[in-house]
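# Structural overview
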Amino acid sequence: MGEDIFNIYNISCYGLKGVNSNSIDAIVTDPPYGISFQNNHWDKNLPDQQIWEDILSALKPGGFGLVFTSIKLMHRIMVQLEDSGFLIKDVLFWSFLNGMPKSRNLAIDIDNELGVESRITGVYQYVQGYKKGGAESYKSDNIRFRYEPASGLGQRFKGAGLSLKPAYEPIILVQKPLEDGLSVAQNMIRYGTGALNIEETRIPYEDGESKVGHNPHPKGRVPSNIIRTQEFGDGYDKFFLIPKVRQGKDKFNFHPTLKPVELMEHLVKLVSFSGQTILDPFMGSGSTGVAALNCNRKFVGYELEKGYFNIANTRLKGKQPINQTKNNTRKIKWQRKEMH
Ligand SMILES: C[S@@+](CC[C@H](N)C(=O)[O-])C[C@H]1O[C@@H](n2cnc3c(N)ncnc32)[C@H](O)[C@@H]1O
């Protein structure tokens, strides 16, 4: 890579063609989760271990990485990362209140199985998701019946379900080991890597908030490993606050798993320092890249799908942070839409 601010490739990331070993300061990536999200073919399988080995070799000693993953398969990626030679340092939780539970009414299934007709107890207007103002604020002619189980077994298992409401996505924090024999300070002097950038990611105090502790830092608190999307309540006010992106809100960017630029900026800043180079081997529509440029970092990205690559190219060329909102992340309004 030369002195360009960004270099992006419309090829598979395997082998990281064009990237020298020990040249990347940090990675921030949102790879396929292996859950076939919305039937996307590229999300069918988890990445092979090979890519983590490629990334390890591209990273400078002591360089950090942040890897998004799914709750169900995070253990597999963590084993892959560890087997590739990374140190597992932490798991950040990006939490939100607007995940949709994917459960079903099993008591009614039991009635059906037994050939018993469930009782209709009412009708309701079906709306996908919800918004402020409640379901009444939607216009929908999708009228559905409300059922009660009628069989004995259906009654016994009334309310039985299959899954919890999803409220977070894990982000694994990994580090390439320091160069053999070097202390953290020596590694930082030689490579510029080895430490997290706490200074740039401190969480500012709320207006009027009392600064507790012996020696409160003027810039705010040390960032925690929980990143929230909505205000959970006073007791949880100490975490970073980022809304999910509403998919399809912007016709220009149709990537189904678009990540908020504010979130990516926070992550980019956490694992790197001004002027350093961030790699995202699975860049999709380029949210990590936009965040990197916004934070005065350089960017290297790979994307296999031409359509997503083109969006990333346009965003990066024009530095069009299309889902960028104001800097004050604590004031960002609630948004709806589950994304991965
Ligand atoms: C979860 S999405 C990333 C979305 C991104 N965070 C955004 O905000 O737009 C993962 C992306 O990896 C891409 N991908 C999958 N396998 C790849 C490979 N071998 N090389 C490069 N890109 C790949 C997919 O096409 C998909 O766009």
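Treat the numbers as computed from the prediction; the structure is a model and nothing was measured. One numbering rule holds for all chains: residues counted from 1, following each sequence as written. With the structure being a predicted model, the display of local features is reserved for residues of pLDDT at least 70 and the display and counting of side-chain atom pairs for 80 or more, all residues being used for whole-chain, interface and lining totals. Each side-chain value is worked out from all heavy atoms of the structure, with water and hydrogens disregarded.

## Quick look at the overall build of the protein
Helix and strand definitions here come from DSSP, where helices need a minimum of 4 consecutive H or I residues and strands a minimum of 2 consecutive E residues; each element is numbered from the N-terminal end. When you go through the protein residue by residue, the secondary structure sums to nine helices and 11 strands. For this analysis, residues touch if any pair of their heavy atoms sits within 4.5 Å. The long-range fraction of contacts in the protein, counting pairs at least 24 apart against all pairs at least 6 apart in sequence, stands at 75%.

## Concerning the packing of helix H7 (residues 261-271) against helix H8 (residues 287-294)
Simply put, an axis is a line fit to the C-alpha atoms, just over the touching stretch for a helix, and the angle between two N-to-C directions goes from 0 to 180 degrees. Close contact between H7 and H8 brings their axes to 8 Å; oriented N to C, the two are set at 60 degrees. The angle between H7 and H8 falls in the class oblique. Crossing angle aside, the handedness with which H7 passes H8 is right-handed. Contact residues: Val 261, Met 264, Glu 265 and Val 268 in H7; Ser 287, Thr 288, Val 290, Ala 291, Ala 292 and Asn 294 in H8. Along the lines of polarity and charge, the residues of the contact of H7 with H8 split into six nonpolar, three polar and one charged. Put simply, angles under 35 degrees are roughly parallel, angles over 145 are roughly antiparallel, angles from 65 to 115 are roughly perpendicular, and the rest are oblique. Definitions for this section: a left-handed crossing has its near helix turned counterclockwise from the far helix by less than a right angle. A right-handed crossing has that turn clockwise. Charged residues are taken to be Asp, Glu, Lys and Arg, nonpolar residues to be Ala, Val, Leu, Ile, Met, Phe, Trp, Tyr, Cys and Pro, and polar residues to be all remaining types, Gly included.

## Looking at a nonpolar patch on the surface
Residues with no salt bridge and a relative accessible area higher than 30% make up the patches, which join like charges within 9 Å and nonpolar side chains (Val, Leu, Ile, Met, Phe, Trp, Tyr) within 5 Å. Using the Shrake-Rupley algorithm and a 1.4 Å probe, accessible areas are obtained, with residue cover drawn only from the displayed protein chains. Salt bridge, as applied in this entry: a Lys or Arg side-chain nitrogen positioned within 4 Å of an Asp or Glu carboxyl oxygen. A surface patch of nonpolar side chains, amounting to about 500 Å² of accessible area, comprises Ile 120, Val 123, Ile 143, Phe 145 and Tyr 147. Going through the elements one at a time, strand E5 (119-125) and strand E6 (143-148) are the ones with two or more residues in the nonpolar patch. Looking at the nonpolar patch element by element, the count peaks at three residues for E6. Along the polypeptide, Ile 143 turns up in strand E6. Looking at Ile 143, the relative accessible area reads 52%, which means it is exposed. Burial classes follow relative accessibility: with a 1.4 Å probe on protein chains only, a residue under 20% of its type's maximum area counts as buried, one over 50% as exposed, and anything between as partly exposed.

## Considerations on the pattern of salt bridges
Taken as a whole and assessed by the stated rule, the structure comprises eight salt bridges. Ionic pairing is found between Asp 25 and Lys 60, a salt bridge with its closest N-O pair at 2.8 Å. Of this pair, Asp 25 sits in strand E2 (residues 24-29) while Lys 60 sits in strand E3 (residues 59-68), and the two are 35 residues apart along the sequence. There is no split in this pair, since Asp 25 and Lys 60 are both buried.

## Remarks on the site of the ligand
Any residue with at least one heavy atom within 4 Å of a molecule or strand is counted as near it. In the vicinity of the ligand, 23 residues are found, and the nearest of them are Asp 30, His 255, Ser 285, Ser 287 and Glu 303. Measuring from a nitrogen atom of the ligand, one finds a backbone N or O atom of Cys 13 at 3.0 Å. Ser 285 places a side-chain nitrogen or oxygen 2.6 Å from an oxygen atom of the ligand. Protein chains shield 97% of the accessible area of the ligand, which is 610 Å² for the free molecule. Here the residues of the shell around the ligand sort into 12 nonpolar, seven polar and four charged. Distance and chemistry together define a polar contact, namely a pair of N or O atoms within 3.5 Å, with one atom able to donate a hydrogen and the other to accept it when in protein, and with adjacent residues in sequence counting only for side-chain atoms on both sides.

## Topic: the nonpolar core
Nonpolar cores are built from buried Ala, Val, Leu, Ile, Met, Phe, Trp, Tyr and Cys residues. Side-chain atoms within 4.5 Å join them into one set. With 31 residues, the main nonpolar core has Phe 68, Leu 92, Leu 267 and Phe 299 as its most contacted residues. Elements supplying a minimum of two residues to this core: E2, E3, strand E4 (87-95), strand E7 (168-175), H7, H8 and helix H9 (306-317). Top contributing element to this core by residue count: H7, with seven residues. Filtering out sequence-adjacent residues up to four positions away, Leu 267 remains in contact with Val 28, Leu 66, Phe 68, Leu 92, Ile 171 and Ile 227. With 23 residues, the next largest nonpolar core counts Ile 51, Val 67, Ile 77 and Phe 86 among its residues.

## A closer look at helix H2 (residues 74-84)
Counting along an α-helix, one turn takes 3.6 residues, and residues three or four places apart therefore face a common direction. All of the buried residues along H2 are Met 74, Ile 77, Gln 80, Leu 81 and Ser 84. Seen from one end, H2 has its buried residues packed into an arc of 125 degrees, which puts them on one side. Projecting away from the buried face of H2 at angles above 90 degrees are the exposed residues Arg 76 and Asp 83. On its buried face, H2 sits against helix H1 (49-58), E3, E4 and E7. To obtain the arc, one takes the directions from the helix axis to the C-beta atoms.

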